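# An overview of the molecular structure
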Amino acid sequence: MIKDVKWYVGIDWATQSHCVCLLDAEGNQVGQRDFAHGGAGLAELCDWLLEKTQAAPGQIAAAIETPHGPVGEMLLERGFAVFAINPKQLDRFRDRFTVAGAKDDRRDAHVLGGSLRTDRAAFRELAADNPVTIELREWSRMADELKQERTRLANRLRQQLWRYYPQAAKLTDDVADDWFLALWQKVPTPESAAKASEKAIARILTAHRIRRLDAATALKTLRETPLLVAPGTTQAACAHIRSLAARLHLVNQQIKEAQQNLDRLCAQIEEEENASGQNLEQCDVTILRSWPGIGRINLATLLVEAAEPLRRRDYHALRALAGVAPVTRQSGKQRFVVRRLACNRRLQGAVHHWSRVAIQHDAAARQRYDALRRRGHGHARALRSVGDRLLCGLCATLKRKIPYDPGHNSAKTSAKA
């Protein structure tokens, strides 16, 4: 935390303009203005703060709701201290300034600045991210969005096949795969499947390296008794599938590109850490890779969504951010422990899949999971507990700069279970 802050700024950002409120160390309002969003407007904002305060940028602390975006980045680049707060917390702070429920941009800016002055511990100080981390974060989120889009398109394609050609969907669980799309283009209807040759199907399977299915079996499945549909249904469904197939080909290509960039950027971060002079100590990326269940996607998600807790080796912040830390509600003789819902959804998903894969490949994680299940825990709750234990072990290995040791962690988990 910066100790020599003498001025406090609240910024209620928006798409067109940002409302800024400047307070002195005693909480008196010195000025309040709106600044247009854009390069000129944000530069004017910084110049106005420096002119009004006649202080160094490091002596001015700014509070915003969103921990990312051009407003915070501009302030960080100019040397200001920037702090972020959860919107729900800000809503609670607003009640201290008015109990009537009044809300507007000018009031929110004043609440932000005043709360930062009195309750700085409730805010999180921001720091400029590594450029590679920023790029990795974008590719990681793009990969996640592309997979969601692929699932949506695949569901729509399967629905169209169900209308007139359900036997085709029996060939695979993933109708969005490139080989299935190529096969459908060759035999888009039951009538075309009846005329297709086994050699033509075999060429498609060979070109896409499909070995779990042979041409004879594929043709036998496609030639099953077809549905009797109304005239025009087959043509309409085929037109719809052609549109979906074109988009799926593009999405599949973009997913491959995103995965290649994830590997490239993770390797670049690893090289930068190795070049920083850690000598015999292991870098963070190497340690993360050593844990069972952490692959390309989980590695990238942990690096970008939990960068600050990992950098501080802060286990408690990490488990809360990942949603594996339970929430205790106690009043008098009543005490409830419930699941944490306020968390980073992408990090929560990464830890869930990490735990799911870890119990399949790591004896210690599996032993912990089985013990929780015997005690009556459900599958999801047991996975959260396993994820909590994995995060604890991860922070320990990061602090000691050593990779994952199955023998050491198995003994440790057995003793605690």
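Residues numbered from 1 in each chain as written. Predicted model: local features only at pLDDT ≥ 70, side-chain atom pairs only at ≥ 80, totals over all residues. Heavy atoms only, no water.

### With respect to the overall build of the chain
In plain terms, the rule: Helical segments are the DSSP runs of H or I of at least four residues, strand segments are the runs of E of at least two, and each set is numbered from the N terminus. In this setup the radius of gyration rests on C-alpha atoms only. A globule is expected at 2.2 Å times the number of residues raised to 0.38. Partly exposed residues are those whose accessible area sits between 20% and 50% of the maximum for their type, while under 20% is buried and over 50% is exposed, using a 1.4 Å probe and protein chains only. Pairs of residues are marked as contacts when any of their non-hydrogen atoms sit within 4.5 Å. The accessible surface values rely on the Shrake-Rupley method and a 1.4 Å probe; as for residues, cover is taken only from the protein chains in view. Note on charges: Lys and Arg go in the positive column, Asp and Glu in the negative column, and His and the chain ends are not counted at all. Charged groups are reduced to one reference atom each: NZ for lysine, CZ for arginine, CG for aspartic acid, CD for glutamic acid.
Scanning the chain for helices and strands turns up 18 helices and eight strands. Radius of gyration (C-alpha) of the chain: 28 Å, far over the 22 Å computed for a compact globule of 417 residues. With the principal axes as the frame, the chain shows a C-alpha extent of 85 × 55 × 55 Å. Sorting the 417 residues of the chain into buried and exposed places 45% on the buried side. Contacts spanning at least 24 positions in sequence make up 61% of the contacts within the chain whose residues lie at least 6 apart. Within the structure as shown, the chain displays about 22200 Å² of accessible surface, and the carbon and sulfur contribution to it stands at 50%. Here the chain holds 64 positive side-chain charges and 47 negative ones, and the gap between their average locations is 9 Å.

### A closer look at the sheet that holds strand 5 (residues 81–84)
In plain terms, the rule: By the convention used here, strands pair only if DSSP detects at least 2 bridges between them. Between N-to-C directions, angles cover 0 to 180 degrees, with each direction set by a line fitted to C-alpha atoms, over the stretch in contact for helices.
The strand order 3-2-1-4-5-6 describes an open sheet built from six strands, whose pairing is mixed. Only two strands of the sheet have a single partner each, and these edge strands are strand 3 (29–36) and strand 6 (124–125). With six bridges joining them, strand 1 (residues 7–12) and strand 2 (residues 17–24) adopt antiparallel strand pairing. Opposite Tyr-8, over in strand 2, you have Leu-23 as the bridge partner. In the packing of helix 1 (residues 39–53) onto the sheet, the strands contacted are strand 1, strand 2, strand 3 and strand 4 (60–64), and the crossing angle to strand 3 comes to about 165°.

### Some thoughts on the environment of Asp-263
Short version of the rule: Two N or O atoms form a polar contact when they lie within 3.5 Å of each other; inside protein one atom must be a possible hydrogen donor and the other a possible acceptor, and for residues adjacent in sequence the pair counts only when both atoms belong to side chains.
Among the secondary structure elements, Asp-263 is positioned in helix 10 (residues 233–274). Measuring from C-alpha to C-alpha, the distance between Asp-263 and Asp-405 comes to 24 Å, with 142 residues separating the pair along the chain. Here Arg-296 takes part through its side chain, which lies 3.0 Å from a polar atom of the side chain of Asp-263.

### As for the pattern of salt bridges
The condition is simple: A pairing counts as a salt bridge when a side-chain nitrogen of Lys or Arg comes within 4 Å of a carboxyl oxygen of Asp or Glu.
A complete count under the given rule lists 25 salt bridges for this structure. Put simply, Lys-103 and Asp-108 hold a salt bridge, and the shortest N to O gap is 2.9 Å. Of the residues examined, Asp-108 reaches a relative accessible area of 1% and is grouped as buried. Arg-312 is the partner of Asp-314 in a salt bridge, and the nearest nitrogen-oxygen pair spans 3.0 Å. With relative accessibility at 42%, the residue Arg-312 sits in the partly exposed group.

### Quick word on the side chain of Glu-65
Turning to its location among the elements, Glu-65 is positioned in the loop between strand 4 and helix 2 (70–77). Buried and unpaired, Glu-65 has no salt bridge, with Arg-94 as the nearest side chain of opposite charge at 5.7 Å. Apart from residues no more than four positions distant in its own chain, Glu-65 is found in contact with Asp-12, Trp-13, Ala-84, Ile-85, Pro-87, Leu-90 and Leu-112.

### As for the packing of aromatic side chains
Keep this limit in mind: Whether two aromatic rings pair depends on their centres lying within 6.5 Å, for rings of Phe, Tyr and Trp, where Trp uses its six-membered ring; planes under 30 degrees apart make the pair stacked, over 60 edge-to-face, and the rest tilted.
Using the criterion set out here, one finds six aromatic pairs in the structure. Each ring, one from Phe-35 and one from Trp-48, has its centre 5.6 Å from the other, and the planes form 55°; the classification is tilted. In this pair, Phe-35 sits in strand 3 while Trp-48 sits in helix 1, placing the two residues 13 residues apart along the sequence. One exposure class covers both Phe-35 and Trp-48, and it is buried. A ring pair is formed by Trp-291 and Trp-354, whose centres lie 6.0 Å apart and whose planes are at 90°; its orientation type is edge-to-face. Residue Trp-291 is located in the loop between helix 11 (284–290) and helix 12 (296–305), and its partner Trp-354 is located in helix 15 (residues 345–361); the two are separated by 63 residues in the primary sequence. As far as burial versus exposure is concerned, Trp-291 and Trp-354 are alike and both buried.

### A look at the pairing of strand 7 (residues 327–331)
Summarising burial for strand 7: zero of the five residues are buried, a small minority. Bridge count for strand 7 against strand 8 (residues 334–338) is five bridges, and the pairing is antiparallel. Each bridged residue has a counterpart across the sheet, and for Gln-330 the counterpart in strand 8 is Arg-335. Hairpin connection between strand 7 and strand 8: a loop of two residues separates the two successive antiparallel strands, and Gly-332 in this loop has a positive phi of roughly 65°.

### Comments concerning the packing of helix 12 against helix 15
The following threshold applies: Note on convention: near helix rotated counterclockwise from far helix by under a right angle means a left-handed crossing. Clockwise means right-handed. Any residue outside Ala, Val, Leu, Ile, Met, Phe, Trp, Tyr, Cys, Pro, Asp, Glu, Lys and Arg is labelled polar, Gly included; the first ten of those are nonpolar and the last four are charged.
For the pair helix 12 and helix 15, the least separation of the axes is 9 Å and the interaxial angle reads 140°. Classified by chirality, the crossing of helix 15 by helix 12 is left-handed. Residues Asn-298, Thr-301, Leu-302 and Glu-305 of helix 12 form the contact with helix 15, whose own contacting residues are Arg-346, Leu-347, Ala-350, His-353 and Trp-354. Among the residues forming the contact of helix 12 with helix 15, the class breakdown is four nonpolar, three polar and two charged.

### Some points on helix 16 (residues 363–374)
What counts is decided by this rule: By definition here, a helix of n residues has an expected span of 1.5 Å times n minus one.
For helix 16, with 12 residues, the first-to-last C-alpha span of 16 Å sits near the 16 Å given by 1.5 Å per residue. Residue Asp-362 occupies the N-cap position of helix 16, its side-chain oxygen lying 3.4 Å from the main-chain nitrogen of Ala-364. Looking one or two residues beyond helix 16, the residue adopting positive phi is Gly-376, at roughly 100°.

### Regarding the pairing of strand 5
Heads up, the rule is: Whether a crossover is right-handed depends on one test, that the path from the first strand over the helix to the second runs clockwise when the strands point away from the viewer.
Here strand 5 shows two buried faces, one formed by Ala-81 and Phe-83 and the other by Val-82 and Ala-84. Judged from the four bridges that link them, strand 4 and strand 5 form a sheet pairing that is parallel. The residue of strand 5 that forms the bridge with Ala-63 is Phe-83. Viewed along the sheet, the connection from strand 4 through helix 2 into strand 5 turns out right-handed.

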